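Observations on chain architecture
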Amino acid sequence: MTIGRLCMASFIVMVVSSSGLHLSWAKQQITIAAEAEPLTSPAIDAQQPAALPEKPTPPEKRTTKVPILVYHHIRLIYDGSPGLRRMTVTAEVFGQQMKFLQDSGYHVITFSELADFFEQGRELPTLPVLITFDDGWVTQYENALPFLAKYHFLATFFVVTNYIGHRGFISWPQLQTLLTEGMKIGSHSRSHPRLAKIADPALLWDQIYNSKTILESQLEVPVAEFAYPYGSYNAAATEMVKAAGYRVGRGCCSGVAHTSTDVFALRAVMVPNDLTKFQKYLEAR
Ligand SMILES: [Zn+2]
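Notes on the structure in this doc start here. Fair warning: this is a prediction, and the values are worked out from it, not measured in the lab.

Cut-offs and rules
- Residues numbered from 1 in each chain as written.
- Predicted model: local features only at pLDDT ≥ 70, side-chain atom pairs only at ≥ 80, totals over all residues.
- Heavy atoms only, no water.
- 1 Å grid on protein atoms, 1.4 Å probe; cavity = no way out; pocket = protein on both sides within 12 Å on 5 of 7 lines; lining within 4 Å.
- Points joined across faces, edges and corners; volume = space filled by probe spheres on them.
- Nonpolar A, V, L, I, M, F, W, Y, C, P; charged D, E, K, R; others polar.
- Helix = DSSP H or I, 4+ residues; strand = E, 2+ residues; numbered from the N terminus.
- Polar contact = N/O pair within 3.5 Å; in protein donor to acceptor, adjacent residues only side chain to side chain.
- Contact = heavy atoms within 4.5 Å.
- Disulfide = S-S within 2.5 Å.
- Buried < 20%, exposed > 50% of the residue type's maximum accessible area, 1.4 Å probe, protein only.
- Donors = N, O, S within 2.8 Å, 3.2 Å for Na, K, Ca; no water.
- Expected span 1.5 Å × (residues − 1).
- Bend = angle between axes of the 7 residues up to and from the residue.
- Axes fitted to C-alpha atoms, helices over the stretch in contact; angles between N-to-C directions.
- Left-handed = near helix turned anticlockwise from the far one by under 90°.

Let us look at the layout of surface pockets. Here the largest pocket defines a volume of roughly 270 Å³. Along the wall of the largest pocket there are 18 residues; nearest its centre are His-72, Met-87, Asp-135, His-192 and Tyr-230. Class assignment for the residues of the lining of the largest pocket results in ten nonpolar, four polar and four charged. Empty space within the second largest pocket amounts to approximately 220 Å³.

In this section: the side chain of Asn-143. By the secondary structure assignment, Asn-143 is in helix α6 (residues 138-151). A polar side-chain atom of Asn-143 sits 2.6 Å from the main-chain carbonyl oxygen of Ile-74. In this structure, Asn-143 is in contact with Ile-74, Arg-75, Leu-76 and Ala-91, ignoring residues within four places of it in sequence.

Moving on to the state of the cysteines. On inspection of all chains with the given rule, the structure shows one disulfide. One disulfide bridge connects Cys-252 with Cys-253, the sulfur atoms lying 2.1 Å from each other. On the sign convention where negative means left-handed, the S-S torsion of about 45° between Cys-252 and Cys-253 marks this disulfide as right-handed. With relative accessibility at 18%, the residue Cys-252 sits in the buried group. Overall, the relative accessible area of 45% leaves Cys-253 in the partly exposed class.

A few words on the coordination of the zinc ion. The coordination sphere of the zinc ion, as far as protein atoms go, consists of Asp-135 (OD), His-188 (NE2) and His-192 (NE2), spread over 2.1 Å. Along the chain, the residues donating to the zinc ion fall in the pattern D-x52-H-x3-H.

Here α6 spans 20 Å end to end across 14 residues, near enough to the 20 Å set by a 1.5 Å rise per residue. Along its length, α6 shows its largest kink, about 45°, at Ala-144, and proline Pro-146 lies within four residues downstream of that point. Turning to α6, its buried residues number three or more, namely Val-138, Thr-139, Gln-140, Tyr-141, Asn-143, Ala-144, Leu-145, Leu-148 and Tyr-151. The secondary structure elements touched by the buried residues of α6 are β2 (68-71), β3 (73-75), α4 (91-103), β6 (128-135), β7 (156-159) and α7 (172-180). Two residues or fewer after α6 comes His-152, characterised by a positive phi angle close to 55°.

Tracing the sequence through the fold places Lys-61 in the loop between α2 (20-46) and β1 (63-65). Here Lys-61 falls in the exposed class, since its relative accessible area comes to 59%. Not counting residues up to four positions away in its chain, the partners in contact with Lys-61 are Thr-259, Ser-260 and Thr-261.

So, on to the packing of α4 against helix α10 (residues 275-283). Two elements in contact, α4 and α10, have axes whose closest approach is 10 Å; the angle formed by their N-to-C orientations is 40°. Handedness of the crossing formed by α4 with α10: right-handed. Across the interface between the two elements, Val-93, Gln-96, Gln-97, Phe-100 and Leu-101 of α4 pack against Leu-275, Phe-278, Gln-279 and Leu-282 of α10.

It is worth spelling out the packing of α6 against α7 at this point. α7 packs onto α6 with a crossing angle of 35° between their chain directions and a minimal axis gap of 11 Å. Here α6 and α7 pass one another in a crossing that is left-handed. From α6, Val-138, Tyr-141 and Leu-145 reach across to α7, where they touch Gln-174, Thr-177 and Leu-178. Within the contact of α6 with α7, the residues separate by chemical class into four nonpolar, two polar and no charged.

That is the geometry; function is a separate question.
Have a look at this one:
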């Protein structure tokens, strides 16, 4: 028994000789003392000088050139409006482009490898390249996946959660198949707005965070990549992508050079329906 308890015990004897009312009060004090006691000593110990945790060293600013390829429609025919054609690569040309990557010694990497390069200093393979698909068009599943499987290339499919399962778009079971094939699923928002034009933080959060949780709960995998619809973002959007728990944010159409500070605003190139232009994009390293 500690000195503190001994003192309380003596106090009881004293009050018992007085009156019942005081005894009751004294018991209450003993209870408090007994409960408080074990907390007191460790608390004092915890105040002993302890080594302060080392301040994490900020990673050095790194730079690299990695073409992040952006595809939309992978169609069997090249027709329709100029807008549609601009976003179309035929299955034939897509196959040629994948073969070119293979024959030229390119290494297809994932966004997590790129994030590891910036955050943990891991090295990238020679001639790294990233393959991405936007919007979740079903033609990507039908016409691109066979080539990706043929060359064992991993790609990230950025899907718009409100579109999933609608006519012309990839369905939930197809997304599961993509995961089984080793592909990555990223978020491309809930309804594909221009995020830089959304002023209400709650609406922005819904597009960025809720799309992530919808995908994660349906697919039961972590979703760590976000692509800004139309490549439209501002500081509020990039900060929110970071706060929502993503590892990277991908913009569009502004080159192949990246730095550590761009992890939530990565540049990308929209791939044309042309093998020669495709080669030039890659060589712009
Ligand atoms: Zn899009």
